[in-house]
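If you want the building blocks of each chain, they are given just below.
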Amino acid sequence: MKFTLSWLKSHLETDASVDEITEALTDLGLEVEGIENPLAKLDAFTLGYVTHAEKHPDADKLRVCKVDTDEGELQIICGAPNARQGITVVVAKPGVYVPGIDTTIGVGKIRGIESYGMMASERELELSDEHDGIIELPSGKVGEKFTDWLAEHDPSKVDPVIEIAITPNRPDALGVRGIARDLAARGLGVMKDHTVDPVPATFPCPVTVTIDDDTLPQAPVFYGRVIRGVKNGPSPAWMQDRLRAIGLRPISFLVDVTNFFTYDLNRPLHVFDADKIAGNALRLHKAKGGETLIGLDDKEYTFQDGMTIISDAEKPESIAGVMGGLETGCTMDTVNVFVEAAYFDMIRTAYTGRALKINSDARYRFERGIDAAFTPEGLEHAVRMIVDTVGGEASEVVLAGSQPDFARAYRLDTDRCSSLVGMDIPADVQRKTLTDLGFVMEGDMAHVPSWRPDVQGEADLVEEVARIASLSGLVGKPLPRVRAGVPAPVMTPAQKRQQMARRTCAALGYNECVTYSFIDQASAALFGGGDDATMLQNPISSEMSHMRPALLPGLLQAAARNQARGFMDMAMFEVGDAFAGGEPGEQHGMVTGLLIGRTGPKDVHGASRAVDLFDAKADCEAVLAAIGAPAKVQIMRDGDAWWHPGRHGKVCLGPKKVLAVFGEIHPKVLAAMDVKGPAMGFTIWPEEVPLPRNAGASRGALDAADLQAVERDFAFVVDADVAALTLVNAAAGADKALIDGVRVFDEFIGGTLGEGKKSLAITVRLQPTDATLKEADIEAVSAKIVEKVTKATGGTLRG
């Protein structure tokens, strides 16, 4: 939205500077996007006086002029027909940039004679399209800045242009008067009276207007008046200056007047050539589809079913709320006009403009919501200006439909300003603010003005009060504590665990992935899902038809895409929810990691190797430790079908308490998902990890043993199918108070052991707490270990 300072002052009595106005506009929510100051590009031009002018010896149309300037007399060659002795001109000396011709003036020779500058025309200075001759000034001193002369004698030529951004909820600010109203409410001036004296009617309106019943929701009201005997021509200079300043090209008064009121009062209008309306009848109706119209932009448009159009007795003549038709448009020969002011539905107008790909000023305003109650008054403003400018006599008003009723009122609770915004504004100031903005106060009830469709509740009243008072004055205040003392943690234990899991995985070298919660049915079925309970009713695509039963499918799909692009070594993780069904509670949080390829790039030291399940186990245990899982756990088998049957383990606190699972992904799953394996992974269920009994932030005392620990090695011959974990658990259970740890350090198969046998060597660490162990104590514990292992595995102590 653009407007000039003088245009704003036609509605607002103010002495505020441009800087004060722009600062206030931004603070009011009408953000200033730019200021165009014509003075800047004309600052280098000065006034000169032509003391002598003679014909160029080698050119009939050129004249050699002597011009007095602030730098002395300059010789300037000029081809303008009005270049002569005794006139005051605008001079561009060498080095000055001329915006109208995009040229920097230099010293040059023209037909053998040097020229030291240029005398400018209005078009060359971008003041108008006039270029028949150079500028002749009726007054002025030699050396005076041209900008100073313009500011004194023709201020409209150096009128600053302000451009503001309009949010969709503020259609009232699409008119200069609406902007002035906000500034007046802020205290930067006083609104000027803008009432209109309607033109008396001298004859009945010869043009009839009807609205089809099914079209009333799209076009509820239509006003119009015929004006006979107008004499169209160029617009007044002040109107041309304002339109040109905001980027519109003046055409003729009957065209320019509609553009002017669109920006001045946010009132889109249309002026028909009344003599071209077939049958002297206009009908507003829905298009059947297929009708065509050549618009004012000389383009042909084909209507779709349901669009609102205005037709005469023969054919469509206008696209309601969007653009008029070329055939009934006004020309310099127009004598009789029909002036239209109507209200059109926002949604329908937006659909029509979008479908036809028309971006007009009228559509921009109608689709945001103009002031429906101002429709008849807007018509009278236009008729009055037309009659006063180009003459003619006006008919009676023709009306079709009825005014839509948007009246509403909300209670102003002056105490809510403090609770909602945090600003203490006196009640009388709040009421005055709303009154200045056009609200009508009846006690505590505020009746919303018709030009503010965005005000839809009591909170909006408070927002208006705070906006005018300036939110920049809002002082930050800390929220009061719910309870005294140290505030409770903001994050829940589950959120803290997720945060710690993310940090730990990232520290281990994993890259975090965020995949869709939806996957295809085939992938879901590989991981125990894909049934009707997790199927979406309206999926985005066939590849996102089911809720994911686990996080591994998404990571594997990401791995396949990366492998297809040549990235073979990956470490990825994701923290999120998986779903067992579509009901609340049928979801569970997970932390899942995936390792594929090698541990690192190949090097001369041979440190790089293929990842294995023990890498996944180590990372899984690191994450478990970070989120507070107990150190003593059991590793069990019988994981889900998508894990390799012999190369995985479940981290448990008991047969039914599973904290995590790690291992190699089943080759069949990798083949189905087009992933080149092997692939290792782990999944952790943070919710299954028990919360610490002591919820305090302090740590307990360090329980460090002061007695010497003892280690003893044992080797057992067991069947080849006996799991090492069974042997370790049996040894650890021999004396839970004394045995601090058990670990396998060797495995031997074959040799003299025979077929189907293997030897497992373990180290048992004994940590006394009461007294130093004696040989007899060690032998007693060793005997218990041998007994427990023999009973649990059927093995024997290796000799």
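Preceding this section is the structure that the text describes.
Residues numbered from 1 in each chain as written. Predicted model: local features only at pLDDT ≥ 70, side-chain atom pairs only at ≥ 80, totals over all residues. Heavy atoms only, no water.

Draft legend 1. Quick look at the overall build of the chain. Summing up its helical and strand segments, the chain has 20 helices and 43 strands in all. On the principal axes, the C-alpha backbone points of the chain span a range of 130 × 75 × 60 Å. Counting over 799 residues, the chain shows a buried share of 47%. Put simply, of all contacts in the chain between residues at least 6 apart along the chain, 68% involve residues at least 24 apart. For the chain, the computed accessible surface area is about 40200 Å², with 51% contributed by carbon and sulfur atoms. On the chain, the mean spot of the 82 positive side-chain charges and the mean spot of the 114 negative ones are 7 Å from each other. (Helix = DSSP H or I, 4+ residues; strand = E, 2+ residues; numbered from the N terminus. Buried < 20%, exposed > 50% of the residue type's maximum accessible area, 1.4 Å probe, protein only. Contact = heavy atoms within 4.5 Å. Areas by Shrake-Rupley, 256 points an atom, 1.4 Å probe, with all protein chains shown as cover. Lys, Arg positive; Asp, Glu negative; His and termini not counted. Charge placed at Lys NZ, Arg CZ, Asp CG, Glu CD.)

Draft legend 2. Structural view of the pattern of salt bridges. For the structure shown, the criterion picks out 42 salt bridges. Salt-bridge contacts for Glu393 lead to Arg228; the nearest nitrogen and oxygen are separated by 3.2 Å. Here Arg228 lies in strand S17 (residues 221-228) and Glu393 lies in strand S26 (residues 393-395), a separation of 165 residues in the sequence. A relative accessible area of 35% means that Arg228 is categorised as partly exposed. The partner of Lys432 in a salt bridge is Asp436, with the nearest N and O atoms 2.8 Å apart. (Salt bridge = Lys/Arg side-chain N within 4 Å of Asp/Glu carboxyl O.)

Draft legend 3. Expanded view of the layout of surface pockets. Roughly 1500 Å³ of internal volume is contained in the largest pocket. Around the largest pocket, the lining is made up of 39 residues, and of these Val633, Ile635, Leu725, Val728 and Asn729 lie nearest the centre. Among the elements of the structure, helix H17 (613-626), strand S36 (634-636), strand S37 (643-654), helix H19 (724-732) and strand S41 (739-749) are those that each provide at least two residues to the lining of the largest pocket. Sorting elements by how many residues they give to the lining of the largest pocket places S37 first, with seven residues. Considering only residue class, the lining of the largest pocket consists of 22 nonpolar, eight polar and nine charged. Considered as a void within the structure, the second largest pocket measures approximately 840 Å³ in volume. (1 Å grid on protein atoms, 1.4 Å probe; cavity = no way out; pocket = protein on both sides within 12 Å on 5 of 7 lines; lining within 4 Å. Points joined across faces, edges and corners; volume = space filled by probe spheres on them. Nonpolar A, V, L, I, M, F, W, Y, C, P; charged D, E, K, R; others polar.)

Draft legend 4. Fine view of the sheet that holds strand S16 (residues 208-211). One open sheet holds the five strands; their spatial order is S16-S19-S22-S23-S24, and the pairing between them is mixed. Both edges of this open sheet fall to S16 and strand S24 (323-324), since each of them pairs with a single strand only. Direction of pairing for strand S22 (residues 308-311) relative to strand S23 (residues 316-319): antiparallel, over a ladder of three bridges. Bridged to Ile309 within S23 is Ile319. (Pairing = 2+ DSSP bridges.)

Draft legend 5. Focus on the nonpolar core. Grouped together as the largest cluster of nonpolar side chains are 96 residues, with contacts concentrated most on Leu25, Ile164, Phe222 and Phe338. Among the elements that take part in this core, helix H10 (residues 375-390) stands out by supplying seven residues, more than any other. Beyond its immediate chain neighbours, meaning those up to four positions away, Leu25 contacts Phe3, Leu30, Glu31, Val32, Ile162, Ile164, Ile179 and Leu183. One finds Phe527, Ala558, Ala578 and Ile665 within the second-largest nonpolar core, a separate group that totals 26 residues. (Core = buried A, V, L, I, M, F, W, Y, C linked by side-chain atoms within 4.5 Å.)

Draft legend 6. A look at empty space enclosed by the protein. In total, this model carries one cavity of 30 Å³ or more according to the counting rule given. Quantified by volume, the largest cavity comes out at close to 40 Å³. Looking at the largest cavity, the residues that line it are Gln218, Thr308, Ala320, Phe344, Arg348, Thr349 and Thr352. The element that contributes the greatest number of residues to the lining of the largest cavity is helix H8 (residues 346-356), accounting for three residues.

Draft legend 7. How the structure looks around the sheet that holds strand S29 (residues 440-442). Strand order in this open sheet of three strands is S28-S30-S29, and the pairing throughout is antiparallel. The outermost strands of the open sheet, each flanked by one partner alone, are strand S28 (409-411) and S29. Adjacent strand axes in the sheet meet at a mean angle of 25°, parallel and antiparallel pairs treated alike. Note: S28 against strand S30 (residues 445-447), three bridges, orientation antiparallel. Among the inter-strand pairings, Arg411 is bridged to a residue of S30, identified as Met445. (Axes fitted to C-alpha atoms, helices over the stretch in contact; angles between N-to-C directions.)

Draft legend 8. Representation of the packing of aromatic side chains. A full pass over the atoms with the stated rule returns eleven aromatic pairs. Ring plane angle 15° and centroid distance 6.4 Å describe the contact between Phe146 and Trp149, whose orientation is recorded as stacked. Here Phe146 and its partner Trp149 are both found in helix H4 (residues 146-153), three residues apart, which amounts to about one turn of the helix. With respect to class, Phe146 is no different from Trp149; both count as buried. Of the aromatic side chains, those joined through ring pairs into one cluster are Trp7, Trp238, Phe260 and Phe261. In this arrangement the basic side chain of Arg228 is found over the ring face of Phe203, its NZ or CZ atom lying 3.6 Å from the centre. Over the ring of Tyr263 we find Arg365, and its NZ or CZ is 4.6 Å from the ring centre. (Phe/Tyr/Trp six-rings, centres within 6.5 Å; stacked < 30°, edge-to-face > 60°. Lys NZ or Arg CZ within 6 Å of the ring centre and 35° of its normal.)

Draft legend 9. Examining the pairing of S16 more closely. Residues Val209 and Ile211 point to one face of S16 and are all buried, whereas Thr208 and Thr210, pointing to the other face, are not buried. As judged from the four bridges shared by S16 and strand S19 (residues 281-286), these two strands associate in the parallel manner. Across the sheet, the residue bridging to Ile211 is Leu284, located in S19.

Draft legend 10. Quick look at the packing of H19 against helix H20 (residues 775-793). Following both chains from N to C, one finds H19 and H20 inclined at 145°, their axes separated by 8 Å at the closest point. As for the relative orientation of H19 and H20, their crossing is right-handed in sense. Residues Thr726, Leu727, Ala730 and Ala731 of H19 form the contact with H20, whose participating residues are Ile785, Lys788, Val789, Ala792 and Thr793. Across the contact of H19 with H20, the residue classes break down as six nonpolar, two polar and one charged. (Left-handed = near helix turned anticlockwise from the far one by under 90°.)

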